Amino acid sequence: MSTTALKDWPLWEVFVRSKQGLEHKHCGSLHASDAQHALQMARDVYTRRQEGVSIWVLPSKSITASAPEDKDSLFEPAADKIYRHPTFYDIPEEVGHM
Amino acid sequence: MYTQSLNVQEKQGEKPALQTISRENAELQRRFDARIDADGKIEPQDWMPEAYRKTLIRQISQHAHSEIVGMLPEGNWISRAPSLKRKAILIAKVQDEGGHGLYLYSAAETLGQGRDQMLADLHSGKAKYSSIFNYPTLTWADVGVVGWLVDGAAIMNQIPLCRCSYGPYARAMIRVCKEESFHQRQGYEALLVMMQGTAEQRAMVQDAVNRFWWKCLAMFGPPDANSQHSEQAMRWGIKRISNDDLRQKFVDATVPQARVLGVTLPDPDLKWNEERQHYDYGQIDWDEFWNTVNGHGPCNKERLATRVKAHNDGQWVREAALAYALKHQPQTHQAAA
């Protein structure tokens, strides 16, 4: 069986705020013809059960991501800076919670 | 709703080539293996062996196809549901299946496979979908049984996929599983109501169970001894529990549900095995299963034709939406394209 070629609608990333006071979280992607259309689709695809109070959509192409192979050089240097954590410091017990 | 690992049907020439691995690749492979061994996740941008990528594309796209083809046997009953309540429930369920297909297509796309290519493979018959949908839904009781048994089997299979090593697939499965339990419960409840009805209605439920029971057991795929690709999928953390173990779990969970419902499962060999602490069950007709997988089931042609027609009939809508977007917001579209 043959079908006419689908010219794909562009890809969008969807972020949903689950409730007021929380951040928008990435929840998936979808194809849509434009931003308005992407919002409507995101509502149908990702919030059929009141999973959100607000939706962001943005073109997938506009995201710049760090490369996995740069993981060591980007994040490794933080590992030896343990003085950035509160547990690095010894405080006498009698001081109590600080 | 469900995915089968139909790898056994692969063409001979398409074997994942164990090409000579360069030193750099060997290091990447070592890191990949180490992450899998540590039960870590693989994300889209990470290096992965070509065979891992291909296996996932095949499995996730088959799974997506199963979701959208699975809309057809139930969609068939929307206009004939016995009450407004049942109609609203069925519409919501069928809409969910469409949504599940979309989550899964998105997950497969992160592996570099285009949506258009996946749909073309489905429509040409190259890609498979769960063969359970190649059987007809003859009566209203079938809709209930599809929810109870078909979705029940699907959930059994999908829960371990929530821990799949490929991040986007695992995340899609978590969403799917959350929504799927409503599917099984609504089916079982619809059957409970019918079982409180007339003798004719009860007979209708039993008839539907008789027709679907063995097909549902086959949904878990070939026995472990004949499932050649399972071992590799286990090694990769794509598959977590073997076909036979999942099938056993399904049988053990379903027998008490059937008792409460008041139906008989059509297997004279079905009985509790005190020693194994599991139910024993009879022989599955694998010839019939493969015959259906290979295109000769009662509804294969009809399902595919309906799917292709829907796609072709929607072509002008997709084109019009794109033309509208280009005309009204050229800058937004260019940013996205």
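All of these numbers come straight from a predicted model, not from anything done at the bench.

Each value, and the rule that gives it
- Residues numbered from 1 in each chain as written.
- Chains lettered and ligands numbered in written order.
- Predicted model: local features only at pLDDT ≥ 70, side-chain atom pairs only at ≥ 80, totals over all residues.
- Heavy atoms only, no water.
- Helix = DSSP H or I, 4+ residues; strand = E, 2+ residues; numbered from the N terminus.
- Rg over C-alpha atoms; globule rule 2.2 N^0.38 Å.
- Buried < 20%, exposed > 50% of the residue type's maximum accessible area, 1.4 Å probe, protein only.
- Contact = heavy atoms within 4.5 Å.
- Areas by Shrake-Rupley, 256 points an atom, 1.4 Å probe, with all protein chains shown as cover.
- Axes fitted to C-alpha atoms, helices over the stretch in contact; angles between N-to-C directions.
- Parallel < 35°, antiparallel > 145°, perpendicular 65-115°, else oblique.
- Nonpolar A, V, L, I, M, F, W, Y, C, P; charged D, E, K, R; others polar.
- Left-handed = near helix turned anticlockwise from the far one by under 90°.
- Salt bridge = Lys/Arg side-chain N within 4 Å of Asp/Glu carboxyl O.
- Pairing = 2+ DSSP bridges.
- pLDDT = per-residue confidence, 0-100.
- Disulfide = S-S within 2.5 Å.

A. Region of interest: the overall build of chain B. A count of helices and strands for chain B gives 14 helices and two strands. Its C-alpha atoms give chain B a radius of gyration of 21 Å, near enough to 20 Å, the size a compact globule of 337 residues would have. Dimensions of chain B, computed from C-alpha atoms along their principal axes, come out at roughly 65 × 60 × 35 Å. With 337 residues in all, chain B has 51% of them scored as buried. Of all intrachain contacts in chain B linking residues separated by at least 6 positions in sequence, the fraction that spans at least 24 positions is 78%. Of the roughly 15,900 Å² that chain B leaves accessible, carbon and sulfur atoms contribute 54%.

B. Seen up close, the packing of helix 12 (residues 300-313) of chain B against helix 13 (residues 315-328) of chain B. Residues and elements named next belong to chain B. One can describe the packing of helix 12 onto helix 13 by two numbers: an axis separation of 4 Å at closest approach and a directional angle of 30 degrees. Taken together, helix 12 and helix 13 sit at an angle that is classed as roughly parallel. Contacts between helix 12 and helix 13 involve His311, Asn312 and Asp313 from the former and Gln315, Trp316 and Arg318 from the latter. Residues belonging to the contact of helix 12 with helix 13 are distributed by class as follows: one nonpolar, three polar and two charged.

C. Looking closely at the packing of helix 4 (residues 84-109) of chain B against helix 7 (residues 167-195) of chain B. All names here are of chain B. Contact pair helix 4 / helix 7: the axes reach a minimum separation of 10 Å and the direction vectors enclose 160 degrees. Relative to helix 7, the element helix 4 is oriented roughly antiparallel. For the pair helix 4 and helix 7, the crossing hand works out as left-handed. Classifying every residue of the contact of helix 4 with helix 7 gives 13 nonpolar, three polar and nine charged.

D. Fine view of the environment of glutamate 67 of chain B. Tracing the chain through its elements places glutamate 67 of chain B in helix 2 (residues 50-69). Sequence-wise, glutamate 67 of chain B and aspartate 96 of chain B are 29 residues apart; in three dimensions their C-alpha atoms are separated by 9.0 Å.

E. Region of the structure containing the pattern of salt bridges. Summed over the entire model, instances satisfying the criterion amount to 27 salt bridges over all chains. Of the charged contacts, one joins arginine 48 of chain A and aspartate 96 of chain B as a salt bridge, the two residues approaching to 2.8 Å between their closest N and O atoms. With arginine 48 of chain A in the loop between helix 1 (35-46) and strand 3 (54-59) and aspartate 96 of chain B in helix 4, this pair bridges two chains. Among the residues examined, aspartate 96 of chain B registers a relative accessible area of 1% and is labelled buried. For aspartate 37 of chain B, the salt bridge is made with arginine 235 of chain B, and the minimal N-O distance between the two is 3.2 Å. Highlighted residues: aspartate 37 of chain B in helix 1 (residues 23-37) and arginine 235 of chain B in helix 9 (residues 230-235), separated in sequence by 198 residues. The exposure class assigned to arginine 235 of chain B is partly exposed, which follows from its relative accessible area of 37%.

F. Looking closely at the sheet that holds strand 1 (residues 11-17) of chain A. Residue and element names in this part refer to chain A. Read from one edge to the other, the open sheet built from three strands follows the order 2-1-3, with strand pairing classed as antiparallel. Each edge of the open sheet carries a strand with a single partner, namely strand 2 (24-31) and strand 3. For this sheet, the mean angle separating the axes of adjacent strands, direction not counted, is 25 degrees. Where strand 1 and strand 3 come together, six bridges link them in antiparallel fashion. Residue pairing across strands places phenylalanine 15 opposite tryptophan 56, the latter belonging to strand 3.

G. Expanded view of the confidence of the model for chain A. Residue and element names in this part refer to chain A. Mean pLDDT for chain A: 89, with 93% of residues reaching 70 or above. When mean pLDDT is compared element by element in chain A, strand 3 scores highest at 97, while helix 2 (residues 71-75) scores lowest at 84. Contacts for the low-pLDDT stretch residues 1-6, under 50 throughout, to residues beyond four places or in other chains number 21 contacts.

H. Representation of the state of the cysteines in the model. All names here are of chain B. What the rule picks out here adds up to zero disulfides over all chains. The thiol of cysteine 162 is not disulfide-bonded; the next cysteine sulfur, from cysteine 177, is found 3.7 Å away. Judged by its relative accessible area of 18%, cysteine 162 falls in the buried class. Cysteine cysteine 299 is unpaired, with the sulfur of cysteine 216 as its nearest cysteine sulfur at 15 Å.

I. Region of interest: the pairing of strand 1 of chain A. Counting buried residues in strand 1 of chain A gives five out of seven residues, a clear majority hidden from the surface. Two successive antiparallel strands, strand 1 of chain A and strand 2 of chain A, enclose a turn made up of six residues, where glycine 21 of chain A displays a positive phi of approximately 100 degrees.

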